[in-house]
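Remarks on the overall topology
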Amino acid sequence: MSLKTSQLCNADASFLDEWSFNQFQNLLNRSYDDSKLKEMLHQDNLVIFLHLLGCDSNGHAHRPYSSIYLNNVKVVDHIAERVFTLLEDYFKDNRTAYIFTADHGMSDKGSHGDGHPSNTDTPLVVWGAGVKSPEQISSNDHSDHTVRFIDEHAHDMPTPIEWGLNGIERLDVNQADIAPLMSTLLGLPCPVNSVGNLPLGYINMNKSEEVEAVLANAKEVLNQFLRKSQIKQSHSLSFKPFKALARYSSVLDQIEALISVGNYEGAMKLSENLRSLALQGLHYFQTYDWLTLMSVITLGYIGWMVYLIFHVLQSYTSVPGYIFKEQAGRHGNNSRKVYSCGCLLMGVICVLLILEHSPPLYHAYFAMTVFLWTQIINEYHFIKALWTCLCGRPFTRILKLLATFALSIFILEFLVNSFTERKLYTWCFAIVGIVAFFYLSNLIPGRSGIPIFVCFACWFLSVFTLMPAEIPDNNQLVIGSGAIIIITGAVARWLDMHSLGNKYWLSICCPEMKRPRFPMLFHLQALLVGLASMMVSLSTSHRAEKQELLASHQLINWSIAGFSMVLPLFSDNSLLSRLTSIFLGFAPTFLLLSIGYEAVFYGALGIVLVAWILFENTLLHLNPVKPLSSSMQNMEEHLLAENDVRYLQLSDLRISLTFMVLFNVAFFGTGNFASIASFEISSVYRFITVFSPFLMAALLIFKLFIPFMLVICAFSAITKLLRIPRLGCYFLVVVFSDIMTIHFFFLVKNTGSWMEIGNSISHFGIMSAQVVFVLFLFALTNIYTKDIQTRLAKPLSQKTM
């Protein structure tokens, strides 16, 4: 929500329009007593810009179908009439042209920025001096109905019947076309950086004047092109010109010759073609370095991923020892040569970039790419030995490796597409629930409720991505979700206390380890969840009755949120007990920041995380680690690190991939990446009622963090349960995130609606920042998970390297 909207959220902003008109009227009145001001107002080529802000503010604050907004429309109509009358009475020369337009439309919810015509179609009404009179429709198509619209959307929306303009020709244009239209009506050159096409249908000119106007428009765009070409040529060591305009001067001469002999139709066609080519040439030079930059950045990302994979192989997997022995003898001399060549190459590139006056970022892109590939080439002997090792493997092992790689890419592509289609997660969890049910039913001997529980959890979570991203208010649902959270926590506590007879629960519960440190902790946390639900009801009722939230209510809400998040630190350190406490500890804060179904989503996500832990625990019990073999061939599958953490195996990729899916669904379950407008600002009113943008934004972001933190806590617990290195799994998450980042990098747009351009950039930015973002949350959640203890299914052998 913008500043202007928030400040006016409880008032009718139409007074802003009246204020603007009054200021303009006072200006004209002062000119009768101020000769200098009157002289300025009577000069030629005068532009008067009247900005009427009321509809924009009222539309955002009260929505377009509210009585306040509709009344503001009437106010604007009346102001337009009064401005016309005022100017005609003041100048009395019938030489004033009027242009009435807007910068954007608005959705029913009061937001804008997406590609829907209701947001991108804006009014353009032109009348007065130099403007053509309305014409009758000569055909079913509009004269400007072509594919030339910038955002490539259907703008041929029917004119409302109630306007009474059914028989009148409507001329649709791009917003950029308004600048040359105003310039031509004023008799001035087009703005220097204008890229609009002059809409001739609005201007009352004869054929010769039309050709001259279009030619002036074409020359303005052509001059931009020539300037861009000159700058790029002066800086480039190997310049590639835009060949289509290599002979532009002869085209200009030809146009002038046609005009001189009265062939206006031919001159018009050449002028319009020249303008079109000049626009293409502008785009050519705006993207002149596109291929080079894309190549360098892509190579940089690939190099970073390869470097990380090598690091994981060398540090967190049991790569055969002879690979390192083979490297040892020749590593020193090889490194010096490789680094020398890398420094030399970077020096040459830097000199070339300096000669071409390239921006500093170009140097950074090339430097990082050269550095990473220098590090990779330095591992030549390791790569060679690794290749030899792989070639010596049975074909089935190679096939398994390729299949795992293909499945990983498929899952990552699924995640990429889920950024624009949330419903994919519904299908994902519905199918995963069925597959997990049959897989676990066949795997677990005898009768067990685990397959049913896992299936139910997946199906429950699959419902939320079918719901609207703009969450509707539902206070009763938020209160009811508090009961769901308490029941979920109570069931988990009961299982934690009665798991001695079930081997599938025993390692995550460990009930006999010791007595609870704080026996009443669960009851206190459940009480805080219930109290938070009560405060949700109380705070919302005050807002519904237009009453100000009491300071005591705000203090209670802040106290509940802060105190509840500290309590998990005092819970037992068995896996299920600690995770249950974390789940209950963040629930009050999340409830107090919720306005609808996202509160239920919190409980559903917690149930799915427990299902994930149960699934991994079941696999651990039914597929125990095989005993160590003395042969080097099987050594990489079973070795343990010195700190009782086993090395990563190929099958452990599922942990990182599952984390990626759950981490993304933690966001997409209740929102999207469209814009900050998709988050309801009213969800922070239970903590603060005075407009404070930074605190409000911080509360909204923290609300998003809470589901992420639950996923990371579960991920950390699973790495402890399976005895695998968490940092190694994190590096795999980084690699997977970078694969998605490269895809989003190629999807970045520079044309289209605000939302399309913004989303393409934000998707790329979010995935690029996710690595650091996840690392920060890992450090934060480590406070809660660092002392979690689990019991192994079987003692694992250890082997010194």
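Residues numbered from 1 in each chain as written. Predicted model: local features only at pLDDT ≥ 70, side-chain atom pairs only at ≥ 80, totals over all residues. Heavy atoms only, no water.

It is worth spelling out the overall build of the protein at this point. From N to C terminus, the protein includes 28 helices and 2 strands. Relative to its 801 residues, the protein shows a buried fraction of 45%. For the protein, the exposed area adds up to about 41,500 Å²; of that, 63% sits on carbon and sulfur atoms. (Helix = DSSP H or I, 4+ residues; strand = E, 2+ residues; numbered from the N terminus. Buried < 20%, exposed > 50% of the residue type's maximum accessible area, 1.4 Å probe, protein only. Areas by Shrake-Rupley, 256 points an atom, 1.4 Å probe, with all protein chains shown as cover.)

This part covers the packing of helix H9 (residues 248-260) against helix H10 (residues 264-286). Close contact between H9 and H10 brings their axes to 8 Å; oriented N to C, the two are set at 155°. Considered as vectors, H9 and H10 are oriented roughly antiparallel to each other. In this structure, H9 meets H10 at a crossing whose hand is left-handed. Taken together, the residues of H10 that come into contact with H9 (itself represented by Val251, Leu252, Gln254, Ile255, Leu258 and Ile259) are Tyr264, Gly266, Ala267, Leu270, Ser271 and Leu274. (Axes fitted to C-alpha atoms, helices over the stretch in contact; angles between N-to-C directions. Parallel < 35°, antiparallel > 145°, perpendicular 65-115°, else oblique. Left-handed = near helix turned anticlockwise from the far one by under 90°. Contact = heavy atoms within 4.5 Å.)

The geometry of an aromatic ring pair is captured by two quantities: the separation of the ring centres and the angle between the planes. Taken as a whole and judged by the stated rule, the model has 39 aromatic pairs. For the ring pair Phe464 and Phe601, a centre distance of 5.5 Å and an interplane angle of 75° mean the geometry is edge-to-face. Of this pair, Phe464 sits in the loop between helix H18 (450-462) and helix H19 (475-497) while Phe601 is found in helix H24 (residues 598-622), placing the two residues 137 residues apart along the sequence. Judged by relative accessible area, Phe464 falls into the buried class, the value being 3%. Arranged with centres 6.2 Å apart and planes meeting at 15°, the rings of Phe659 and Phe778 form a pair that is stacked. Here Phe778 lies in helix H28 (residues 754-785) and Phe659 lies in helix H25 (residues 653-668), a separation of 119 residues in the sequence. We note that Phe659, like Phe778, is buried. Taken together, the ring pairs connect Tyr316, Phe659, Phe663, Phe705, Phe708, Phe715, Tyr730, Phe731, Phe773, Phe776 and Phe778 into an aromatic cluster. Between the NZ or CZ atom of Arg82 and the centre of the ring of Phe21, over which it lies, the distance is 4.3 Å. (Phe/Tyr/Trp six-rings, centres within 6.5 Å; stacked < 30°, edge-to-face > 60°. Lys NZ or Arg CZ within 6 Å of the ring centre and 35° of its normal.)

Moving on, we come to a nonpolar patch on the surface. Together, Leu237, Leu344, Val348, Val351, Leu352 and Leu355 make up an exposed nonpolar region whose accessible area comes to about 560 Å². With respect to the helices and strands, Leu355 occurs in helix H13 (residues 331-355). Given a relative accessible area of 48%, Leu355 falls into the partly exposed group. (Patch = residues over 30% accessible without salt bridge, like charges linked within 9 Å, V, L, I, M, F, W, Y side chains within 5 Å. Salt bridge = Lys/Arg side-chain N within 4 Å of Asp/Glu carboxyl O.)

For the pair helix H16 (residues 395-418) and helix H17 (residues 424-443), interaxial distance at closest approach is 9 Å and the crossing angle is 140°. Classified by the angle their axes make, H16 and H17 are oblique. Here Phe414, Leu415, Asn417 and Ser418 of H16 lie close against H17, whose contacting residues are Leu424, Tyr425 and Cys428. A breakdown of the residues in the contact of H16 with H17 according to their chemical character gives 5 nonpolar, 2 polar and no charged. (Nonpolar A, V, L, I, M, F, W, Y, C, P; charged D, E, K, R; others polar.)

What follows covers the environment of Lys749. Locating Lys749 in the fold gives a position in the loop between helix H27 (726-746) and H28. Between the C-alpha atoms of Lys749 and Ile761, which are 12 residues apart in sequence, the distance is 7.4 Å. The residues contacting Lys749, other than those within four sequence positions of it, are Glu756, Ile757 and Ser760.

Moving on, we come to the side chain of Asn664. Position of Asn664 among the secondary structure elements: in helix H25. At 2.7 Å, the side chain of Asn664 and the backbone oxygen of Met660 are in polar contact. (Polar contact = N/O pair within 3.5 Å; in protein donor to acceptor, adjacent residues only side chain to side chain.)

Considering the arrangement of structural elements, one finds Phe15 in helix H2 (residues 14-31). Once the C-alpha coordinates of Phe15 and Gly54 are considered, the two residues, 39 residues apart in sequence, prove to be 7.1 Å apart.

Moving on, we get to the side chain of Ser271. Along the chain, Ser271 turns up in helix H10. Judged by its relative accessible area of 0%, Ser271 falls in the buried class. Ignoring any residue separated from it by four or fewer positions in sequence, one finds Ser271 in contact with Val214, Leu215, Ala218 and Ile255.

A few words on the nonpolar core. With 119 residues, the main nonpolar core has Phe429, Tyr602, Trp612, Phe659 and Met740 as its most contacted residues. With residues up to four places along the chain from it excluded, the contact list for Phe429 reads Cys458, Trp459, Leu461, Ser462, Val608, Val661, Leu662 and Val665. Judged by nonpolar contacts, the second largest core, of 34 residues, contains Val126, Tyr202, Phe225 and Ala278. (Core = buried A, V, L, I, M, F, W, Y, C linked by side-chain atoms within 4.5 Å.)

What follows deals with the pattern of salt bridges. In the structure shown here, the tally under the stated rule is 9 salt bridges. Among the ionic pairs, Arg82 bridges to Glu18, the shortest N-O distance being 3.0 Å. With Arg82 in helix H5 (residues 67-91) and Glu18 in helix H2, this pair connects stretches of sequence that are 64 residues apart. Looking at Arg82, the relative accessible area reads 23%, which means it is partly exposed. Between Glu616 and Arg654 there is a salt bridge; the shortest N-O distance is 2.6 Å. Within this pair, whereas Glu616 is found in helix H24, its partner Arg654 is found in helix H25, the two being separated by 38 residues in sequence.

When pLDDT is averaged along the protein, the result is 82; 84% of the residues meet or exceed 70. Within the protein, the lowest mean pLDDT, 39, falls on helix H1 (residues 3-7), and the highest, 93, falls on strand E1 (residues 97-101). A low-confidence stretch, residues 1-10 stays under pLDDT 50, and its non-local contacts, those more than four residues away or across chains, total 18 contacts. (pLDDT = per-residue confidence, 0-100.)

Counted at 1.5 Å a residue, the expected span for helix H26 (residues 693-722) with its 30 residues is 44 Å, and the 44 Å between its end C-alpha atoms agrees. Along its length, H26 shows its largest kink, about 25°, at Ile706, and proline Pro707 lies within four residues downstream of that point. The element H26 is extensively covered by neighbouring structure, given that 21 of its 30 residues are classed as buried. Following H26 by one or two positions, Arg723 has its phi on the positive side, about 60°. (Expected span 1.5 Å × (residues − 1). Bend = angle between axes of the 7 residues up to and from the residue.)

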